[in-house]
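Here's the letter readout for the chains.
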Amino acid sequence: MPHERGAPAAHQLERLDDFRWRIPRQGAMRTDGLVFASEALMGSIRGDQSVTQVANVATLPGIVGPSIGMPDIHWGYGFAIGGVAAFDPAQGGVVSPGGVGFDINCGVRLLTSDLSRSAVTQRISSLMDELAAEIPSGMGRGTRDKLGPSEVTAVLREGAAWAVEQGFGTPADLDRIEGGGRLAGADPRQVSARALDRGRAQLGTVGSGNHFVEVGYVSEIYDSALAEAFGLALDRVTVFIHTGSRGLGYQVCDDYLPVMLQAARAHGIELPDKQLACAPLGTPEADRYLGAMSAAANYAFANRQMLAHRVREVFQRSFGPGRAELRLLYDVAHNIAKMEEHVVDGRKRRLCVHRKGATRAFPPGHPELPPVYRETGQPVLIPGDMGRYSYVLAGTEGALRESFGSTCHGAGRAMSRKAARQRAQGRSLEREFREQGIEVRGATFATIAEEIPEAYKDVAEVVDAVHGAGIGRKVAQLRPLGVLKG
Amino acid sequence: MSCEGWFRVIDHTADVAIEAGAPDLPALFDRCAAGMTSLIAEGEPPRPLAEHPITAEGGDRPELLVDFLRQVLWLHVSDGFLYAGVRFDRFEPTALSGAVRGESAAPARHVLVREIKAVTYHALEVDETPGQCRARVVFDV
């Protein structure tokens, strides 16, 4: 059986400048593809099928502007990971669960503190032990208490606000979450019994795979004014939280893929790959999916809110009350579809913007930003691999103009999980990380082995490409001190 | 259900796939379910100790295979079920029903090595050539 993913990209790529590549419209494509990448990154992008996947998305009805790939783009299911596509309901545009991904509202939040790196380094081992004890992480790990059915429904409707009402964090946190931590279109009635069941015991858990809680510090500042406005100072300690909607979100995606396959057939939509299954916006199928997806997104916002609360509690206990305040810098989704207003061809239009492995990056002055970030632009959080560094960026006009207010989301895998495990075989990974000044806690050796730094591309190259292309502005670099892997 | 046929695991950068082959479609579906289970758990082969009714449907044969695997995966997610075999009472082009057999994962016998988030439709292939049916299924892990 032929295996298409090993083949080189069949689509033509025209280099436009140092950071832009055009995939000219051909065949069933309704629009061009546009990939943001440096020449070096394009080398690895060409090696998988992500360019073809960007071109495949360009065949879907009602797509507006180009089908976009970010510098961290890599092969995904149907849609590439690192893709952005906007669809116009007025032109038969669609919504596709595959354009959001299984982990609905997978995202990151960053907490900042006044703690110094040295104060935390001294007790990092016990701090990580406490975090590992307090925060459920790992394969299918759930919570001690199951939520009741009405509580799950409330979470799906209210998102992070539900968590705050229950005493997890403060109302001030809500301003610093994309969309206020609650998507208004959430409709829990569209979430299946299976999905609800999976959601009952997983709220406040990290999960497995590439999800993590990471204690780090600010290692470099590129834009001092923005860094100050974001509360980032050199050597100050930060905490990254990366997770999503857990089993509930996977189940929502899983439930709606067959529905969308049927809808695509009924509406005569030809799919180059079944994972691109979709329904025209405004149809009952599309409305149901958007209602369920928004509900799952709210679950993810609540999940990260609860995890942040647990982390805050551990810091308070470790460093003493009042000495370790953790402020929420921002919380962003990087797997989501949202209705947003964008100006296309000089005309304001309401579009369904899919971001799969891409981060919203709205510029200064954007009306959807809270007052605290109205002048700076939206904070954009880009986690790297567990051994090197992560970045904080700010949203730009360039992103709004060229990529529907979107930018990259992370490093992207360079090595399969199996290859990574083989590379890690026989090594003492915990000791290796400790020698680099990083305390790692993880559910299993396999989890840590699959996530070794060399399994990932260098996120610095990705961030330099979006900065160079003007679809994000570098603000600061963070380095890890301790990582709790799922 | 006999265990005629084979499966193998294919490892890629961001996902895992299985390829399977069998003399006929019911056996092919069985090998795909066994392949998926091999991704989830290592250790002793699951024993056919418990039986669960199963139904699946799809717009065509490949979609039917995905739906069958989704139902088996749900049994694992909800109950820790590990697949050992299947008996089909009905096996039509777009619908099937029957019962799957297996056991709940037990720490003494099985090591759960991977969480499968979902069975995907991506690059899905079912080749129905009589005597040598083959399939490829990609999983989100």
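Residues numbered from 1 in each chain as written. Chains lettered and ligands numbered in written order. Predicted model: local features only at pLDDT ≥ 70, side-chain atom pairs only at ≥ 80, totals over all residues. Heavy atoms only, no water.

S.K.: Looking at this structure, I do not really get the overall build of chain A. What am I missing?
M.R.: A count of helical and extended segments in chain A gives 16 helices and 19 strands. A globule of 486 residues ought to have a C-alpha radius of gyration of about 23 Å, and chain A, at 21 Å, matches this closely. For chain A, the C-alpha atoms occupy an extent of roughly 60 × 50 × 50 Å along the three principal directions. Counting only contacts in chain A whose residues sit at least 6 apart along the sequence, the fraction spanning at least 24 positions is 77%. Carbon and sulfur atoms make up 47% of the accessible area of chain A, which totals about 16,600 Å². Taken together, the 56 basic and 55 acidic charged side chains of chain A have centroids lying 3 Å from each other. (Helix = DSSP H or I, 4+ residues; strand = E, 2+ residues; numbered from the N terminus. Rg over C-alpha atoms; globule rule 2.2 N^0.38 Å. Contact = heavy atoms within 4.5 Å. Areas by Shrake-Rupley, 256 points an atom, 1.4 Å probe, with all protein chains shown as cover. Lys, Arg positive; Asp, Glu negative; His and termini not counted. Charge placed at Lys NZ, Arg CZ, Asp CG, Glu CD.)

S.K.: I keep staring at the sheet that holds strand S1 (residues 14-17) of chain A and nothing clicks. Help me out?
M.R.: Residue and element names in this part refer to chain A. Pairing is mixed in the open sheet, where seven strands are placed in the order S1-S2-S3-S4-S5-S13-S12. Here the strands that pair on one side only, and so sit at the sheet edges, are S1 and strand S12 (335-344). The mean angle between the axes of side-by-side strands here comes to 25°, regardless of whether they run parallel or antiparallel. Note: S12 against strand S13 (residues 347-356), 10 bridges, orientation antiparallel. Note that in S13 the partner of Ala 337 across the bridge is His 354. The strands that helix H2 (residues 50-57) touches are strand S2 (20-23), strand S3 (33-36), strand S4 (63-74) and strand S5 (81-87); relative to S4, the one it contacts most, it runs at about 160°. (Pairing = 2+ DSSP bridges. Axes fitted to C-alpha atoms, helices over the stretch in contact; angles between N-to-C directions.)

S.K.: Would you take a moment to explain helix H8 (residues 193-200) of chain A for this structure?
M.R.: For an α-helix, the turn length of 3.6 residues means that residues three or four places apart are oriented alike. Of all the positions in H8(A), only Ala195(A), Arg198(A) and Gly199(A) are classed as buried. Projected onto a plane normal to the axis of H8(A), the buried residues spread over an arc of 100° and lie on a single side. Residues of H8(A) that are buried sit in contact with helix H10 (246-266) and helix H11 (284-319) of chain A together with helix H2 (61-79) of chain B. (Buried < 20%, exposed > 50% of the residue type's maximum accessible area, 1.4 Å probe, protein only. Arc of directions from axis to C-beta.)

S.K.: Sorry if this is basic, but what is going on with the sheet that holds strand S5 (residues 81-91) of chain B here?
M.R.: Paired through backbone hydrogen bonds, the strands of a sheet run either parallel or antiparallel to each other. All names here are of chain B. Spatially, S4-S6-S5 is the arrangement adopted by the three strands of the open sheet, whose pairing is antiparallel. Two strands lie at the open edges of the sheet, namely strand S4 (50-57) and S5, each paired on one side alone. Between one strand axis and the next, the sheet turns by 30° as a mean value, whatever way the strands run. When S5 meets strand S6 (residues 95-104), the two strands line up antiparallel, connected through nine bridges.

S.K.: What is the right way to read the interface of chain B and chain A from this model?
M.R.: Interface extent is often summarised as the accessible area lost during association of the parts. Counting residues at the interface gives 35 residues for chain B, matched by 38 residues for chain A. Of all residues in chain B, Trp74(B), Tyr121(B) and His122(B) give up the largest surface area on contact with chain A, accounting jointly for 21% of the area buried on that side. Seen at the junction of chain B and chain A, the total is five salt bridges. Lys274(A) serves as the salt-bridge partner of Asp60(B), at 2.4 Å between the closest nitrogen and oxygen. There are 13 residue pairs in polar contact (both at pLDDT 80 or more) connecting chain B and chain A. Secondary structure elements with two or more residues in the side of chain B that touches chain A: strand S1 (6-11), strand S2 (16-22), H2, strand S8 (118-119) and strand S10 (133-140) of chain B. Here the side of chain B that touches chain A is composed, by residue class, of 16 nonpolar, six polar and 13 charged. (Buried area = accessible area lost by both parts, 1.4 Å probe. Salt bridge = Lys/Arg side-chain N within 4 Å of Asp/Glu carboxyl O. Polar contact = N/O pair within 3.5 Å; in protein donor to acceptor, adjacent residues only side chain to side chain. Nonpolar A, V, L, I, M, F, W, Y, C, P; charged D, E, K, R; others polar.)

S.K.: Honestly, the confidence of the model for chain B in this entry has me stumped. Any pointers?
M.R.: One rule of thumb: low pLDDT means the predicted coordinates there are not for detailed reading. Scored by pLDDT, chain B has a mean of 93; 96% of the residues are at 70 or more. Across the assembled chains, the prediction reports ipTM 0.91 with pTM 0.95. (pLDDT = per-residue confidence, 0-100.)

S.K.: What is the right way to look at the pairing of strand S9 (residues 236-243) of chain A in this model?
M.R.: One face of the sheet, then the other: side chains in a regular strand alternate in exactly this way. Residue and element names in this part refer to chain A. Of all the eight residues making up S9, seven are buried; the element is thus mostly covered by neighbouring parts of the structure. Two strands pair when backbone bridges link them, and strand S8 (residues 212-221) and S9 are joined in this way by six bridges, in the antiparallel orientation. Residue Val 213 lies in a different strand from S9, and its bridge partner there is Ile 241.

S.K.: Sorry, what's going on with the confidence of the model for chain A here?
M.R.: Residues at a pLDDT of 70 or more form 97% of chain A, whose mean pLDDT is 94. Long-range and interchain partners of residues 1-8 of chain A, a stretch whose pLDDT sits below 50, account for 30 contacts in this model, where long-range means more than four residues apart.

S.K.: Can you walk me through the packing of aromatic side chains in this structure?
M.R.: One pair of aromatic rings is described through two measures. These are the centre distance and the angle between the planes. All names here are of chain A. Within this structure, the stated rule accounts for 13 aromatic pairs over all chains. An angle of 80° between the planes, with centres 6.3 Å apart, marks the rings of Tyr 77 and Phe 102 as edge-to-face. Remark: Phe 102 occurs in the loop between strand S6 (94-95) and strand S7 (107-116) and Tyr 77 occurs in the loop between S4 and S5; sequence separation between them is 25 residues. Phe 102 carries the same exposure label as Tyr 77, and that label is buried. Here Phe 230 and Tyr 373 contribute two aromatic rings whose centre-to-centre distance is 5.5 Å and whose plane-to-plane angle is 90°, an arrangement assigned as edge-to-face. (Phe/Tyr/Trp six-rings, centres within 6.5 Å; stacked < 30°, edge-to-face > 60°.)

S.K.: Is there a simple way to think about H2(B) in this case?
M.R.: Along its 19 residues, H2(B) runs 27 Å from first to last C-alpha, staying within 8% of the 27 Å computed at 1.5 Å per residue. The N-cap residue of H2(B) is Asp60(B): its side-chain oxygen and the backbone nitrogen of Glu63(B) are 3.0 Å apart. (Expected span 1.5 Å × (residues − 1).)

S.K.: How should the environment of Gln132(B) be read in this particular structure?
M.R.: Residues and elements named next belong to chain B. Note on placement: Gln 132 falls in the loop between strand S9 (125-127) and S10. For Gln 132 and Pro 23, which are 109 residues apart along the polypeptide, the C-alpha to C-alpha distance reads 4.9 Å. Setting aside residues no more than four positions away along its own chain, Gln 132 makes contact with Ala 22, Pro 23 and Asp 127.

S.K.: Which parts of the structure should I look at to understand the pattern of salt bridges?
M.R.: Scanning the entire structure with this criterion turns up 48 salt bridges over all chains. Glu51(B) is the salt-bridge partner of Arg87(B), the closest N and O atoms lying 3.4 Å from each other. Note that Arg87(B) is positioned in strand S5 and Glu51(B) in strand S4, a separation of 36 residues in sequence. Judged by its relative accessible area of 35%, Arg87(B) falls in the partly exposed class. What makes Glu51(B) partly exposed here is its relative accessible area of 44%. Connected via shared salt-bridge partners are Asp129(A), Arg434(A), Glu439(A) and Arg441(A).

S.K.: Explanation requested: the packing of H8(A) against H10(A) in the structure shown.
M.R.: Axes are the key here: two packed helices are described by the angle between their axes and the distance separating the axes. Residues and elements named next belong to chain A. Contact pair H8 / H10: the axes reach a minimum separation of 7 Å and the direction vectors enclose 170°. Of the possible angle classes, the one that applies to H8 and H10 is roughly antiparallel. The crossing of H8 and H10 is right-handed. Counted together, Arg 194, Ala 195, Leu 196, Arg 198 and Gly 199 of H8 and Gly 247, Leu 248, Tyr 250, Gln 251, Val 252 and Asp 255 of H10 form the full contact between these two elements. A class-by-class count of the residues in the contact of H8 with H10 yields five nonpolar, three polar and three charged. (Parallel < 35°, antiparallel > 145°, perpendicular 65-115°, else oblique. Left-handed = near helix turned anticlockwise from the far one by under 90°.)

S.K.: Teacher, can you tell me more about the packing of H8(A) against H2(B) here?
M.R.: One can describe the packing of H8(A) onto H2(B) by two numbers: an axis separation of 11 Å at closest approach and a directional angle of 30°. Put simply, H8(A) runs roughly parallel to H2(B). For H8(A) against H2(B), the interelement crossing comes out left-handed. Contacts between H8(A) and H2(B) involve Arg194(A), Asp197(A) and Arg198(A) from the first element and Gln71(B), Trp74(B) and Val77(B) from the second. In the contact of H8(A) with H2(B), the residues fall into two nonpolar, one polar and three charged.

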